[in-house]
Amino acid sequence: MHLLQRPWPSLALALVAGAGFSAFPAASTGLSSLAVLFALWWRATPRRAAAMGFAWGIGAYVCGLRWIHHALHDLGAVSLAISLPVLAFIVLVLSAYIAAACAAACALFARPGARALAFAPAWCAAEYVRSHFFIGFPWLLAGDTQIDGVLGAFARVGGVYGVGLVMVLAAAGIVALARWHLLAGVLALCALSLDPRPAVVQSNDPQWRIAMVRQPVSVERPHVDPEAPGTFDWYRDETARVPAGVDLILWPEHVVSTWAHELAAPLDALSSHMDARDGALLLGLPVQEPDGHYYNAALGFGRAHGRYDKRERVPFVEHTPYETWLGRPVALIARKLGDFTRGATPATLVAHGRNIATAICYEAAFPEQVRANIVAANDPALLFLPSSDLWYGGPQGRAQMLRMARMRAMEHGIGVARVATSGESVLIDGSGRVLHRQAPDDPARLEGALPTTAQAGLWTRYGMRTVAVGAVLLLMLACAIDGARRRFRVPAPPPPPRGTTPGPCSSSPPTPSADRSRRRCPPPPARAAGRPG
């Protein structure tokens, strides 16, 4: 038996492939990881396919979601007896989605070609379901690995789900090519991993000069504390040092742990200062309404105005999901910054007469929420992403947040300005290219120009409808291929009549009652000697 046909080596390889998907997120590793997963079960039973998918998910999500333990244990002061089971539960649930996708494609279709076509819609459905049900967790979506590859161009058509759909189909195609000729599969993988975008682009589109201000971290102070005294004064003084000619100044999310109405006087003075220099300021602050509701909001001052309230809140941090059902056990997990209320509608900020689409921190992971905010902004100048990456741990979590921000830019062809505490602040153009980058320990201010012209595509106009059409077409083609196999299958010989036994020269299989005399069949008649005719 071939080594990879045995269960334990196959499970180990699926586990390693999943870990590589999260540990080395790139176009080549993402495609090769899914290709390995498909190669392990495309001729197997549904049970084996589910096992391979589950093992792949364990490797991917254990390696890629370690920051959840950091958020609960290190920052939330939750004991290991609670943080580790919570992480294990999330990993098992997400892995079950991958197992279900593999098993469904394997159980519904028998022919390998049909399974290859059906695997892409099944994978896409699994990612969509896990992004919307239970608490909704659109983390580590397959399409996010293709931002620097050829398949990233499909983001403008179907968003990150559409990229994932094409990516899984391409991975199955690589397996088919590799079975025909290994070099052909390797060349296809290398070709799809190339970045088709030019290194330098000269743009004549209108641009804004943008300055992003945030407190840098250091070895002595690895995290920015919004409750530290003098934090607001530091931001105000640093903003005053921004040179003239800057159109927009951005602060991160939740710059201080003080309600906006308690800072009314300093904020009014800051707004007057921005008006005097003909500049606009956008920042994140918690807002408390007179009716007692709390909101995590983004506000505009100076030549900017408006307010956006965060809609997708961080579970167990900004709100407690299913609190009436789960009760006391959830309270042991949650370290809430406040019982924030969900924003009612996608409001829009305005700066210099142009609308600004906004998504605060965790919301950047939700493709459809960001799309709704951009559509509501009606041709916005840019997408503003204030964030606090403290909860996402070290470089791994920050890199995941950056990839999702780049994917949001590619989906809508819009410039993105992301300013973060304890994370990377970046300016991203509409093709997902990082124009300017600021590491957490870099100086306090990042300045650069960003185009303010969006190039909306099919994803912005139609959303998931384009992905649904592609998935249905693939399923129809898979059904046609699988149906053709059944239609043209050679029928088995009919069973012998009841009460009879096949003769020794019959093509039917022998039975216990068959003649066991082992006599020879009569030879064919001999040919007449001489030449014919």
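Above this note sits the structure.
Residues numbered from 1 in each chain as written. Predicted model: local features only at pLDDT ≥ 70, side-chain atom pairs only at ≥ 80, totals over all residues. Heavy atoms only, no water.

**Q** Would you explain the overall build of the protein chain in this entry?
**A** Assigned secondary structure in the protein chain consists of 16 helices and 13 strands. In the protein chain, which comprises 533 residues, the share counted as buried stands at 50%. Taking the intrachain contacts of the protein chain between residues at least 6 apart in sequence as the baseline, contacts between residues at least 24 apart amount to 70%. Entry remark: accessible area of the protein chain is about 24,800 Å², with carbon and sulfur atoms responsible for 62%. (Helix = DSSP H or I, 4+ residues; strand = E, 2+ residues; numbered from the N terminus. Buried < 20%, exposed > 50% of the residue type's maximum accessible area, 1.4 Å probe, protein only. Contact = heavy atoms within 4.5 Å. Areas by Shrake-Rupley, 256 points an atom, 1.4 Å probe, with all protein chains shown as cover.)

**Q** Even after reading the chapter, I still don't get the sheet that holds strand E1 (residues 207-213), so can you show me in this structure?
**A** As a general point, the strands of a sheet are linked pairwise by backbone hydrogen bonds and lie either parallel or antiparallel. One open sheet accounts for six strands, arranged E6-E4-E3-E2-E1-E13; its pairing is mixed. Two strands in the sheet have a free side with no partner beyond their single neighbour: strand E6 (307-309) and strand E13 (445-451). Across this sheet, the average inter-strand angle for adjacent strands is 25°, counted without regard to direction. Relative to the sheet, helix H9 (residues 231-240) contacts E1, strand E2 (248-250) and E13, its axis offset from that of E1 by approximately 145°. Where helix H10 (residues 264-276) meets the sheet, it contacts E2, strand E3 (280-288) and strand E4 (294-302), and its direction lies at approximately 35° from that of E4. (Pairing = 2+ DSSP bridges. Axes fitted to C-alpha atoms, helices over the stretch in contact; angles between N-to-C directions.)

**Q** Help me understand the packing of helix H3 (residues 46-64) against helix H5 (residues 80-108), please; the structure alone is not making it clear to me.
**A** Packed helices, taken two at a time, are described by the angle their axes make and the gap between the axes. Between H3 and H5, the least distance of the axes is 7 Å, while the angle of their chain directions is 150°. With respect to their mutual orientation, H3 and H5 come out roughly antiparallel. For the crossing formed where H3 meets H5, the hand is right-handed. In this structure, H3 contributes Pro46, Ala49, Ala50, Gly53, Phe54, Trp56, Gly57, Ile58, Tyr61 and Val62 to the contact, and H5 contributes Val91, Leu92, Leu94, Ser95, Ala96, Ile98, Ala99, Cys102, Ala103, Cys106 and Ala107. Of the residues that constitute the contact of H3 with H5, the class distribution is 18 nonpolar, three polar and no charged. (Parallel < 35°, antiparallel > 145°, perpendicular 65-115°, else oblique. Left-handed = near helix turned anticlockwise from the far one by under 90°. Nonpolar A, V, L, I, M, F, W, Y, C, P; charged D, E, K, R; others polar.)

**Q** Quick question: what am I supposed to make of the pairing of strand E10 (residues 416-421) here?
**A** In terms of burial, E10 is largely enclosed, as six of its six residues are buried. In this structure, E10 lies alongside strand E11 (residues 425-428), joined through three bridges in antiparallel fashion. Residue pairing in the sheet places Arg418 in a bridge with Val426 of E11. The hairpin turn running from E10 into E11, its antiparallel successor, is three residues long, and Ser422 in that turn takes a positive phi close to 60°.

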